[in-house]
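These are the residues of each chain, in order.
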Amino acid sequence: MKKLMIAASCALAMLTSGAHADERNLRIAFDVPYEPFEYKDENGDLTGFEVDLAAAMCEEMKADCEFVIQAWDGMIPGLLARKFDLIMSSMSITPERAERVLFSEPYYNTPGGWFGPDSFNADVTDMSAMKGKTVGVQRGTTMDTFVTEEMSGVVTIKRYTTADDMVLDLEGQRLDVVFVDYPVGEQTVLSKDGFKEVGEAVKLGEGVGVAMRKRDKDVAEEVNKALRKLKEDGTYDAIMKKYFAYDVKV
Amino acid sequence: MPPDFIAAWLNRNEIFTAMTIMEYWDGMVTTVQLVFLCLIIGLAFAVPLAILRTVKNPFVSGPVWLYTYIFRGTPLLIQLYIIYYGVAQIPGIQETFWWEIFREPFYPALLAFTLNTCAYTTEIIRGAIISTPHGEIEAAKAYGMNWFMRMRRIVLPSAARRAVQAYSNEVIFMLHSSAIASVVTIVDLTGAARNIYSRFYAPFDAFIFVALCYMVLTFILVFVFRKIENRLLRHQRPVGS
């Protein structure tokens, strides 16, 4: 009797998995809040540019997607530990990261922007004018790498985990200037009185890609195909217009 | 100069270069400074506060009770956030001389850690004081010692013996709690590990190494407290050992 039941349940399992063979289950991770890419609206629902793009991509891939929230520090370890399958959380493509994860083609690129109080009037590219200033960056971002490589020893670099904490310290005058992903600075710093953009935005790196485990080459292929389709058929542009006044497409 | 084989090994691997080792070292110096200072200041204030806490008059012991209750009743992380970010939000603080102190993250963190460890230490010492055997105090009174002399000669020395083991725990907890200093931009041991981790995306290498650093520091603390206990509690040792 027992054997029969096991056999029956095995058969059932095979049948059901066969029926869903075409439909992939994907868990996609976001780190919120990172406006306007991924954040929670007034109702607490997950929304943003990357969330909308992920939803459109899933539809294109005919995948059954689940959205997961994961703090930035645990992003890559969580992916490798199979807590989720894709990262679509503004992860810039860098050689160091590419050692550990597989990136799709880039799906957007935003510049890094310099933001500071109205009283700030130094030229951010002039090292003698910047000497002794305190610059805030988010730890591990391409902006962090840029400031670390170009300005170490000239400025004091303070690294933050979240943009919120960094902006709080800019407001509290602990920082002279922040170098942050442009849209984030626009949402968090420029929305406040007494702050402005203080230098030319700098395009850094290749852009942002979907990160996957290295062995998931087939998923990467499907993701690339879906992204290319969305960029061509106008879906991408429609989503982009909803969140940005400027072009982030690559 | 390090031996050749260490230099060769350092040259081969990507993460533990001379530069990152220096970052860890600077972090260790910051951690030791922070923990050492907060423990010394905390202990210095904890002794008089513990004595006040044992006084019968509620107007004297009440405020101390309230202080230890607040700081033992809330997480250290929250205390640090309130002191570091809260102070910067006070209007006009940037124009006062206090800002010189609170601008850098080191002093807000030191203040939070000191207040926290002082609260715990106060309770440890208070517990040791109130468990002084009554006979010792009566004997001291019979000798005509006044309150101050009784405290200095009888109560505090015997309380120190009873408190030292619990206090050594508090010291080790404080060392580990200091890891949260990295959330307010201090590059302590944990801060160095987080920076290196985010640069190389190698969590095991970065964090296991820093865990070993903490274990070395803990080992030193345990060793020091073993020496202190041996000295303070030598009367408890079996005869002849």
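If you're wondering where the values come from, they're calculated on a predicted model, not measured in any experiment.

A. Main features of the overall build of chain B. Counting its secondary structure elements, chain B contains 10 helices and zero strands. The order of α-helices and β-strands along chain B, N terminus first, is α-α-α-α-α-α-α-α-α-α. The globule rule puts the C-alpha radius of gyration for 241 residues at 18 Å, and the 22 Å found for chain B is more than 25% above it. Considered along the principal axes of its C-alpha atoms, chain B spans approximately 75 × 60 × 25 Å. The long-range share in chain B, meaning contacts at least 24 apart out of those at least 6 apart in sequence, stands at 76%.

B. Structural context of the interface of chain A and chain B. On the chain B side, the residues contacting the 14 residues of chain A number 13 residues. Broken down by secondary-structure element, the contributors of at least two residues to the side of chain A that touches chain B are helix H3 (75-80), helix H4 (95-98) and strand S9 (156-160) of chain A. Among the elements that line the side of chain A that touches chain B, the one with the most residues is S9 of chain A, at three residues. In terms of residue class, the side of chain A that touches chain B is made up of four nonpolar, three polar and seven charged.

C. Molecular detail of the pairing of strand S10 (residues 177-181) of chain A. Residues and elements named next belong to chain A. Within S10, five of the five residues are buried, which leaves it mostly tucked inside the rest of the structure. The sheet contact formed by strand S7 (residues 112-117) and S10 spans four bridges and is antiparallel. The residue of S10 that forms the bridge with Phe115 is Val178. In this sheet, S10 lies alongside strand S8 (residues 134-138) in parallel orientation, the contact comprising two bridges.

D. Representation of the confidence of the model for chain B. The predicted model of chain B has a mean per-residue pLDDT of 91, with 95% of residues at 70 or higher. For this predicted complex, the interface confidence comes out at an ipTM of 0.77, alongside a pTM of 0.77.

E. Seen up close, the domain arrangement of chain A. Residues and elements named next belong to chain A. Per the domain assignment, the segments of chain A are domain 1 (24-109 + 206-243) and domain 2 (112-202). Placing the centre of domain 1 and that of domain 2 at their C-alpha centroids yields a distance of 26 Å. Across the boundary between the two partners, domain 1 contributes seven residues, which contact five residues of domain 2. For the side of domain 1 that touches domain 2, the residue count by class is three nonpolar, two polar and two charged.

F. Quick peek at the sheet that holds S10 of chain A. All names here are of chain A. Within the open sheet, the five strands sit side by side as S9-S8-S10-S7-S11. Their pairing is mixed. If you trace the sheet from one side to the other, it starts and ends with S9 and strand S11 (195-202), each paired once. The average undirected angle you get between the axes of adjacent strands in this sheet is 25 degrees.

G. Local environment of the packing of helix H2 (residues 18-54) of chain B against helix H3 (residues 58-73) of chain B. All names here are of chain B. Between H2 and H3, whose axes approach to 7 Å, the crossing angle comes to 125 degrees. What the angle tells us is that H2 and H3 run oblique. Here H2 runs over H3; the crossing is left-handed. Of the residues in H3, those in contact with Leu49, Leu52 and Arg53 of H2 are Val60, Ser61, Val64 and Trp65. Taken together, the residues of the contact of H2 with H3 break down into five nonpolar, one polar and one charged.

H. Focus on the nonpolar core. Counting 60 residues, the largest nonpolar core has Ile87, Val178 and Val210 of chain A as its most contacted members. It is helix H9 (residues 217-232) of chain A that contributes the most residues to this core, six residues altogether. If you count residues domain by domain, this core takes at least three from each of domain 1 (24-109 + 206-243) and domain 2 (112-202) of chain A. Formed by 43 residues, the second largest nonpolar core is a distinct cluster that contains Cys38, Ala128, Val183 and Ile186 of chain B.

Cut-offs applied
- Residues numbered from 1 in each chain as written.
- Chains lettered and ligands numbered in written order.
- Predicted model: local features only at pLDDT ≥ 70, side-chain atom pairs only at ≥ 80, totals over all residues.
- Helix = DSSP H or I, 4+ residues; strand = E, 2+ residues; numbered from the N terminus.
- Rg over C-alpha atoms; globule rule 2.2 N^0.38 Å.
- Contact = placed C-beta atoms within 7 Å.
- Nonpolar A, V, L, I, M, F, W, Y, C, P; charged D, E, K, R; others polar.
- Buried ≥ 20, exposed ≤ 12 C-beta atoms within 10 Å, placed from the backbone.
- Pairing = 2+ DSSP bridges.
- pLDDT = per-residue confidence, 0-100.
- Domains from an automatic or database assignment.
- Axes fitted to C-alpha atoms, helices over the stretch in contact; angles between N-to-C directions.
- Parallel < 35°, antiparallel > 145°, perpendicular 65-115°, else oblique.
- Left-handed = near helix turned anticlockwise from the far one by under 90°.
- Core = buried A, V, L, I, M, F, W, Y, C linked by C-beta atoms within 7 Å.

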